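Summary of structural features
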Amino acid sequence: AVSVGPNCIAVTPNQVWQNGSVWYTDLLDLSQPFTLEFQMNYGTVDANGADGMMFVLQTLGPSALGVDGNGLGFEGFIPSFGIEFDTYYNSNIGDIPSDHIAFQQNGNVNHYQTNNLAGPVVANPNDQNIEDGEEHPIKIIWNPVSRVVQLYFDCVLRLSAQVDLVNTIFNGTTQVWWGFTGATGGLSNAQLVCLAE
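Residues numbered from 1 in each chain as written. Predicted model: local features only at pLDDT ≥ 70, side-chain atom pairs only at ≥ 80, totals over all residues. Heavy atoms only, no water.

**A word on the overall build of the chain**
Rules: Starting at the N terminus, helices and strands are each numbered in turn, a helix being any DSSP run of H or I of at least four residues and a strand any DSSP run of E of at least two. To measure how exposed things are, a 1.4 Å probe is used in the Shrake-Rupley method; for residues, cover is taken only from the protein chains shown.
Helix and strand counts for the chain stand at one helix and 14 strands. Dimensions of the chain along its principal axes, counting C-alpha atoms only, are 40 × 35 × 30 Å. A total accessible area of about 8,400 Å² is found for the chain, and carbon and sulfur atoms account for 48% of it.

Written as structure tokens, this is what we have:
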């Protein structure tokens with residue numbers, strides 16, 4: 001991952017078999033509520049584009065790097081919580097054909113397994129493709145009292161689930177690293193994230 005301007009990171013270039021991650025320097029306190037807003041650009045290659053990005057919470061540290069291809073740079077992070085923005089259809093791991101969103105844990109992107117916490121759902125119900133070169137606004141809301149995570153895509157609530165991030169996923173740890181991962185495989189896309197102020 002490389003900086004491409006103020007608050008913007010190219011998580012992967014449009015090249016095959018790339019794997020990127022970027023972590024914010026300040027830890028996130030899961031005992032407190034938070035709202036994070038950013039924009040994601042999934043590239044311009046649709047049918048032959050891949051693979052996607054993830055928003056990730058993890059305790060492995062600021063050098064964590066997962067597995068490329070359909071691992072989305074997230075595979076292998078234990079413990080972890082990830083919000084998947086998947087732009088390639090891998091039927092063998094339970095993907096749906098449309099570009100989609102899901103909540104995953106412990107570095108596992110297989111929707112058939114118990115680490116799939118919610119989803120997958122179509123990212124944009126009005127358009128099956130999000131590899132359109134546009135910057136899509138994303139908002140994530142965490143409520144530590146109700147233990148609910150909400151994900152807004154293009155200003156619409158697309159996924160919400162009760163997840164005990166502190167006790168179930170992070171074994172009582174409240175301070176976590178947060179950031180983004182992304183990957184390409186045999187197919188690729190330029191994938192970017194821009195943080196809001």
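Having seen the structure, we can now continue with the description.
**Concerning the nonpolar core**
In plain terms, the rule: Throughout this description, the term nonpolar core refers to a set of buried Ala, Val, Leu, Ile, Met, Phe, Trp, Tyr and Cys residues connected via side-chain atoms within 4.5 Å. Partly exposed residues are those whose accessible area sits between 20% and 50% of the maximum for their type, while under 20% is buried and over 50% is exposed, using a 1.4 Å probe and protein chains only. By the convention used here, residues are in contact when the closest approach between their heavy atoms is within 4.5 Å.
Membership of the largest hydrophobic core comes to 37 residues, with the highest contact counts inside it found for Phe 55, Leu 57, Phe 81, Ile 83, Phe 85 and Leu 151. A total of four residues in this core trace back to one element, the largest contributor, which is strand β5 (residues 34-41). Phe 55 has contacts with Leu 36, Phe 38, Phe 81, Gly 82, Ile 83, Phe 85, Ile 140, Trp 178, Gly 179 and Phe 180, leaving out every residue within four places of it along the chain.

**Remarks on the sheet that holds β5**
For clarity, the cut-off: The rule for pairing is simple: two strands pair if DSSP sees at least two bridges between them. All axes here are fitted lines through C-alpha atoms, helices being fitted over the stretch that makes contact, and every angle between N-to-C directions spans 0 to 180 degrees.
Strands sit in the order β1-β2-β14-β5-β10-β11-β12 across an open sheet of seven strands; the sheet is antiparallel. Unpaired on one side and paired on the other, β1 (2-5) and β12 (156-162) mark the two borders of the sheet. Going from strand to strand, the sheet's axes swing by 25° on average, the running direction of each strand aside. Sheet topology places β1 next to strand β2 (residues 8-12); three bridges connect them, and they run antiparallel. Within β2, the position partnered with Ser 3 by the bridge is Ile 9.

**As for the pairing of strand β10 (residues 136-143)**
Walk down a regular strand and you will see the side chains alternate between the two sheet faces. Residues of β10 alternate between two faces, with His 136, Ile 138, Ile 140 and Trp 142 buried on one and Pro 137, Lys 139, Ile 141 and Asn 143 left unburied on the opposite face. Relative to β10, β5 runs antiparallel, the two being bridged by seven bridges. Counted as the bridge partner of Leu 36 is Ile 140 from β10. One ladder, built from six bridges, connects β10 with strand β11 (residues 148-153); its direction is antiparallel.

**What about the state of the cysteines?**
As a reminder of what qualifies: In this description, the term disulfide denotes a pair of cysteine sulfurs within 2.5 Å.
Taken as a whole and judged by the stated rule, the model has one disulfide. The residue that forms a disulfide with Cys 8 is Cys 194, at a sulfur-sulfur distance of 2.0 Å. Since a negative S-S torsion denotes a left-handed disulfide, the Cys 8-Cys 194 link at about 115° is right-handed. With Cys 8 in strand β2 and Cys 194 in strand β14 (residues 191-195), this residue pair connects regions lying 186 residues apart in the sequence. One exposure class covers both Cys 8 and Cys 194, and it is buried. This cysteine, Cys 155, is not joined by any disulfide, and Cys 194 carries the nearest cysteine sulfur, 16 Å off.

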